[in-house]
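Remarks on the overall topology
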Amino acid sequence: MINKILRKFRRSNNTITSSETNAPVKTTSEEEEHHEWDRPIEFVFSLISNSVGLGNVWRFPYLAARSGGGAFLIPYFVLYFLIGAPLYYLELALGQFSSRGPATAFILAKGWQGVGFAMIINSVLCMLYYNVVISWALFYFISSFRKRLLWSDCGHWWNTVRCFVPGDRGTTYTINGTTFNCTKLQYQNPIQHQCTKSKSFDDFGTPTLYMALSLLVSWVIVCLCIIKGVKTSGKVAYFTAIFPYVVLLILIIYTSTLSGAVDGVKFYIIPKWELVGDFKTWQAAASQVFFSLGLSFGSLMAYSASNKFDNNFFKQMCIVVSCDCLTGVFAGFAVFATIGFLAKALNETVEKYAASSGPGLAFITYPEAISNMPASPFFAIIFFLMLLALGLGSQFALTDVPITSLVELFPRLKKKRPIAVVITCVISYLISITFTCPGGIYFFELLQEYSANTSMLVVGFFEVIVISYIYGFNRFMNDVEMMLRKRAAEYYLFLTWYISAPLLIIIITITKLISAEPIKLGAGGGFPEYIFPRWSTILGWFIFVFCIIPIPLVFLVNYIKECLSLRAAKRNPKSPIQNNVPKPIYLHALTENNSPSEDWGPKRKENQIGLYQRKKEPFDNHGIPLEILTGDSDRRKELSNNEQY
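Predicted model only: the values in this text are computed from it and were never measured.

Once that is clear, we can look at a nonpolar patch on the surface. Together, Phe 279, Leu 495, Ile 499, Leu 503, Ile 506, Ile 507, Ile 510 and Ile 514 make up a nonpolar patch on the protein surface, roughly 750 Å² of accessible area in all. It is helix H23 (residues 490–514) that provides the largest number of residues to the nonpolar patch, a total of seven residues. Position of Ile 506 among the secondary structure elements: in helix H23. By relative accessible area, Ile 506 is classed as partly exposed at 36%.

Okay, structure coming up:
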């Protein structure tokens, strides 16, 4: 029944005629309606929006300060050069050449399509919690339109006793071991003040109204901006790519004039050389490179699949990778100048506030600093608008991955893409609404730690292995030459794809798994330090396995299918394969599992030139042109001598 449904969706009634053979050649509605970027600059801006995200502002500065200051730049730049840029090139090239997203691009090695499915899972899980951050930024952005910022004084229903005007401090209200996110007076009037508690992961609670509404608006914005694919998201990218740099420049210029800014910048850039040799420093740098560039999510392939076949993606890659690499460094000056100002204003040490990262930095430390600045509403508005721009650019790319995959797997959905977008966003909202519960922050931290983190390294490892060792480096560079008319950066890619990238990734991944520790939330916001329960750690490892399980699972399933198919063919006396399989079945099936699918190559007919014209020839069930097995000895010799076969 399931196979019938899939065939119904995949079936196409359209044909074209080959000018060479006059034989009907099937085409799909996807090829006829293939959408492209209106301008190459929109593709570049979309890549910048995807790569330059929230992590550049709230994660890189924190990692740099914690992992050696200026010395952190050594592992950071090394891993960018030896892992980040090569994999970025790989994903752009694969997507553009095949005009496919991650769901079908890995048919270049039939048994390894699970790599693409693992990308989709990583993208979906990250998409769910990433938009929650955007909803927080939206809530703060709306709250900034007033003369006095709401978080600059106390007396509101959401305040704890730790709410203070500089110089006045208190403690949280605790009763029977439970910490409440409100004052004692508000606790005594819970209905009036909507007092909620969240003492631990076990006490999850129900969604809160304001955050649920903010999250709904965030998903509506995402839906409207990507509803027509790159035609709409490409236009929005002009804003999401450029505006953050304008704001960062304003913040750097202004915060550099504040008292204490120099102390913060010194803390940021002064190198701590002893930390360079620490494996944790390299692990942090690797995670930052993968997450910042958007590697192993499939979004780069989904975007580049909409390029023209001869688009110069190599030059665009150099621009985007350089921007992303330097933006984190650039943002660090604005962040730490602000932290230095806040520390001096409150008579604290820079180190105390430098310990903040992620949501704590963006939604506690930085807003607190802004509230102490002159013209604080203005700076709050542009800061949170910048966070919205940074977040939305990445969110568009993440959300596009499952939608593109659905359209690829079920071509008839191509004409109904807007409906697919709406359904995806609605389902995603209903799932991610769990993050708006009082205990949602614990679930947020769990997903952030175990999904789209170490799993990205694992997926990246198999990406480069499949391309360089299984499909073949030389074969892939031939494909690149078809697009660019040259084998761009060939020697650099040979060194990195064959040696440095897989070796470094596997070392960093193993050391990261060995040194893994239970998650804990540092004290802050009126709450003490919290160590996650053991059951949540077990759940986290299940999430990690779920992110990478398609890779071995798809390989095994496809291998078994190949074995059964070859065994059936060998038993059939009329099968031409019976006398043309010199290897044992289990070895031949392994070879077939690592071979390209029969329809591998440029997806669009006009790009199927040269060797890829073979797609117009009839194939047997194992992707072998029938001419090789029956008749036409000259053609058989030509094809068998060509390394593409």
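Next up on the list: the UniProt feature "binding site: Na(+)" (unreviewed entry) in the chain. On the UniProt side, "binding site: Na(+)" (unreviewed entry) is annotated at positions that read Val 52, Asn 56, Ser 292, Leu 390 and Ser 394 here. A compact arrangement is adopted by the annotated residues: their sequence extent is 343 residues, whereas the largest C-alpha distance between any two is 11.6 Å. Considering the arrangement of structural elements, one finds Val 52 in the loop between helix H3 (40–51) and helix H4 (54–58). A relative accessible area of 4% places Val 52 in the buried class. Beyond its immediate chain neighbours, meaning those up to four positions away, Val 52 contacts Tyr 245, Ser 292, Asp 324, Thr 327 and Leu 390. Take Ser 394: it is sitting in helix H19 (residues 376–409). For Ser 394, the contacting residues outside a window of four places in its chain are Ser 49, Asn 50, Gly 53 and Tyr 130.

Once that is clear, we can look at helix H8 (residues 114–143). Its 30 residues place the ends of H8 44 Å apart at the C-alpha level, agreeing with the 44 Å of an ideal helix rising 1.5 Å per residue. The sharpest bend along H8 reaches about 30 degrees and sits at Met 127. Most of H8 sits inside the fold, with 26 of its 30 residues counted as buried.

Another point: the packing of H3 against helix H16 (residues 313–345). If you want to describe how two helices pack, look at the angle between their axes and the distance between the axes. H16 packs onto H3 with a crossing angle of 30 degrees between their chain directions and a minimal axis gap of 10 Å. With respect to their mutual orientation, H3 and H16 come out roughly parallel. Every pair of crossing elements has a handedness; the one defined by H3 and H16 is right-handed. Across the interface between the two elements, Pro 40, Phe 43, Val 44, Leu 47, Ile 48 and Ser 51 from H3 touch Gln 316, Val 320, Cys 323 and Asp 324 from H16. Of the residues belonging to the contact of H3 with H16, the class tally is seven nonpolar, two polar and one charged.

What follows is about the nonpolar core. With 169 residues, the main nonpolar core has Tyr 88, Tyr 89, Phe 363, Met 386, Leu 387 and Trp 497 as its most contacted residues. It is H8 that provides the largest number of residues to this core, a total of 18 residues. Dropping the residues within four chain positions of it, Phe 363 is found in contact with Trp 58, Val 133, Trp 136, Ala 137, Tyr 140, Phe 384 and Leu 387. The next biggest cluster of nonpolar side chains, apart from the first, holds five residues, and it includes Tyr 559, Cys 563, Ile 585 and Ala 589.

Going through the model one piece at a time under the given rule, you end up with 47 aromatic pairs. Between Trp 37 and Phe 43, the ring centres sit 5.7 Å apart and the planes meet at 55 degrees, which makes this aromatic pair tilted. For the pair shown, Trp 37 and Phe 43 are each scored as buried. For the ring pair Tyr 89 and Trp 497, a centre distance of 5.9 Å and an interplane angle of 70 degrees mean the geometry is edge-to-face. One end of the pair, Tyr 89, is in helix H6 (residues 73–98); the other, Trp 497, is in helix H23, with 408 residues separating them in the sequence. On the basis of relative accessible area, Trp 497 is assigned to the buried category, the value being 0%.

With that out of the way, let us pick up the state of the cysteines. If you walk through the whole model with that rule in mind, you get zero disulfides. Cys 425 supplies the cysteine sulfur nearest to Cys 223, a cysteine that is in no disulfide, at a spacing of 4.3 Å.

A separate point is the side chain of Ser 135. Inspection of the secondary structure assignment puts Ser 135 in helix H8. Since its relative accessible area comes to 1%, Ser 135 is described here as buried.

This paragraph deals with the environment of Gly 328. Take Gly 328: it is sitting in helix H16. It is 9.1 Å that separates the C-alpha atoms of Gly 328 and Ser 292, two residues lying 36 residues apart in sequence. With near-sequence residues (within four places) excluded, Gly 328 lies in contact with Asn 56, Phe 60, Pro 61 and Tyr 268.

Rules behind the numbers
- Residues numbered from 1 in each chain as written.
- Predicted model: local features only at pLDDT ≥ 70, side-chain atom pairs only at ≥ 80, totals over all residues.
- Heavy atoms only, no water.
- Patch = residues over 30% accessible without salt bridge, like charges linked within 9 Å, V, L, I, M, F, W, Y side chains within 5 Å.
- Areas by Shrake-Rupley, 256 points an atom, 1.4 Å probe, with all protein chains shown as cover.
- Salt bridge = Lys/Arg side-chain N within 4 Å of Asp/Glu carboxyl O.
- Helix = DSSP H or I, 4+ residues; strand = E, 2+ residues; numbered from the N terminus.
- Buried < 20%, exposed > 50% of the residue type's maximum accessible area, 1.4 Å probe, protein only.
- UniProt positions renumbered as here; feature names shortened; annotations may be inferred.
- Contact = heavy atoms within 4.5 Å.
- Expected span 1.5 Å × (residues − 1).
- Bend = angle between axes of the 7 residues up to and from the residue.
- Axes fitted to C-alpha atoms, helices over the stretch in contact; angles between N-to-C directions.
- Parallel < 35°, antiparallel > 145°, perpendicular 65-115°, else oblique.
- Left-handed = near helix turned anticlockwise from the far one by under 90°.
- Nonpolar A, V, L, I, M, F, W, Y, C, P; charged D, E, K, R; others polar.
- Core = buried A, V, L, I, M, F, W, Y, C linked by side-chain atoms within 4.5 Å.
- Phe/Tyr/Trp six-rings, centres within 6.5 Å; stacked < 30°, edge-to-face > 60°.
- Disulfide = S-S within 2.5 Å.

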